[in-house]
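Okay, here's what each chain looks like letter by letter:
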Amino acid sequence: MSDSDKTPSGFSSSPCFAHELQAGQNGYEVVDAQTAIDVARWRKAQRQHLINLRLEVPARERQKAADCMAEKLDTILADSQNCIVSVYWPFRGEPNLRDWMARAIGKGVRIALPVVEIKSHPLVFREWTPEARMEPGIWNIPVPVDGPPLIPTHVISPLVGFDKESYRLGYGGGYFDRTLAQLQGKGVKPIVIGVGHSLARIATIFPQPYDIPMNVIVTESDIVWAVNQ
Ligand SMILES: Nc1nc2c(c(=O)[nH]1)N(C=O)[C@@H](CNc1ccc(C(=O)N[C@@H](CCC(=O)O)C(=O)O)cc1)CN2
Ligand SMILES: Nc1ncnc2c1ncn2[C@@H]1O[C@H](COP(=O)(O)OP(=O)(O)OP(=O)(O)O)[C@@H](O)[C@H]1O
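Residues numbered from 1 in each chain as written. Chains lettered and ligands numbered in written order. Predicted model: local features only at pLDDT ≥ 70, side-chain atom pairs only at ≥ 80, totals over all residues. Heavy atoms only, no water.

1. What to know about helix H2 (residues 59-76)
Every α-helical turn comprises 3.6 residues, leaving residues that sit three or four positions apart pointing alike. Put simply, the test is: Strands here mean DSSP runs of E at least two residues long; helices mean DSSP runs of H or I at least four residues long; both are numbered from the N terminus. What a helix should span is 1.5 Å times the count of its residues minus one. Two residues qualify as a contact provided that any one of their heavy atoms is within 4.5 Å of a heavy atom in the partner residue.
With 18 residues, H2 should cover 26 Å at 1.5 Å per step; its first-to-last C-alpha distance of 25 Å lies within 8% of that length. As for H2, its buried residues are in contact with helix H1 (33-56), helix H3 (98-106), strand S6 (154-158), strand S9 (191-195), strand S10 (216-218) and strand S11 (223-225).

Following this line, the structure appears as structure tokens:
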């Protein structure tokens, strides 16, 4: 099946929503209500499909792919002393970068993990080390409990899906977009690195006004920098 074959049919709106923009209250423009419902429904189905595809890959093969991604991260973060890199604690078949996190600390990088402190609010980042005290957070994902919030210089974001315009499909909470928008409001622009399997590539995520594109996407086979960097 070609990418264009995967384009859903039956939408009330075309992929270009620019003509439907209205002033919103969240600091970004909003599209009309029906478009928002259509996009949310389509994304939900895509998430389910892409997570299932990834979980069908045998665990050993997934770890091999994650190791390839880790090597590529080393290239991107070659000059990363003094950097604070937000990673993630893997779940539901996300690339497991935990060994890479420990190695990066050995090279002078500070590693942080995202924490949902308040539902539907921006994420907070707390430092992780192999000794960090962890507690189950949202969806039982372990999060560090001690230390002050950190502001990352780099945000490594796990991809459920991604498209050729470097937009990310996540789990539907809007957490990364909300967080990046908040940081940008403070004049902070971390480098956003998406990591995911190449099977997560789709033609478009039907980007919405609140979606913030990533700077670079790392898969097991490629490093793809966004255009207009
Ligand atoms: N490993 C890992 N940790 C992570 C993330 C991640 O993507 N991976 N996150 C990255 O953001 C944050 C958690 N993300 C979340 C995203 C959505 C929902 C959530 O409640 N989703 C709704 C479905 C919404 C919908 O489909 O419309 C739900 O499950 O009911 C919870 C947490 C922080 N930690
Ligand atoms: N900057 C923002 N401010 C307020 N709400 C936002 C913002 N960005 C996204 N959202 C909300 O989050 C919802 C889910 O967004 P989206 O479908 O992009 O999630 P996602 O990127 O897949 O999830 P996640 O980042 O948690 O993995 C959107 O419907 C939107 O209402």
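2. Points about the sheet that holds strand S2 (residues 110-115)
Note the cut-off: For two strands to be treated as a pair, DSSP must find no fewer than two bridges joining them. Structural elements are reduced to axes, namely lines fitted to C-alpha atoms, with helices fitted over the stretch in contact, and the angle between N-to-C directions of any two is expressed from 0 to 180 degrees.
Read from one edge of the open sheet, seven strands run S3-S2-S1-S6-S9-S10-S11, paired in mixed fashion. Looking at the sheet topology across the chains shown, the edges are occupied by strand S3 (124-128) and S11. Recorded for the sheet is a direction-independent mean angle of 25° between the axes of neighbouring strands. Sheet topology note: the strand S1 (residues 84-86)/S2 ladder contains three bridges and is parallel. Paired with Ser86 across the strands is Ala112, a residue of S2. On the sheet, H2 packs against S6, S9, S10 and S11 and is oriented at approximately 145° with respect to S10. Here H3 sits on the sheet and contacts S1, S2, S3 and S6; the angle it forms with S2, its principal contact strand, is near 135°.

3. Let's talk about the pattern of salt bridges
For clarity, the threshold we go by: By definition, a salt bridge exists where a carboxyl oxygen of Asp or Glu is found within 4 Å of a side-chain nitrogen of Lys or Arg. Exposure categories follow from relative accessible area, calculated using a 1.4 Å probe and restricted to protein chains: below 20% of the type maximum is buried, above 50% is exposed, and the middle band is partly exposed.
A complete count under the given rule lists six salt bridges for this structure. Of the charged contacts, one joins Lys107 and Asp74 as a salt bridge, the two residues approaching to 3.2 Å between their closest N and O atoms. Of this pair, Lys107 sits in the loop between H3 and S2 while Asp74 is found in helix H2, placing the two residues 33 residues apart along the sequence. On the accessibility criterion, Lys107 (47% relative accessible area) is partly exposed. As a salt-bridge pair, Arg201 and Asp222 come within 3.9 Å of each other at their nearest N and O atoms. With Arg201 in the loop between S9 and S10 and Asp222 in the loop between S10 and S11, this residue pair connects regions lying 21 residues apart in the sequence.

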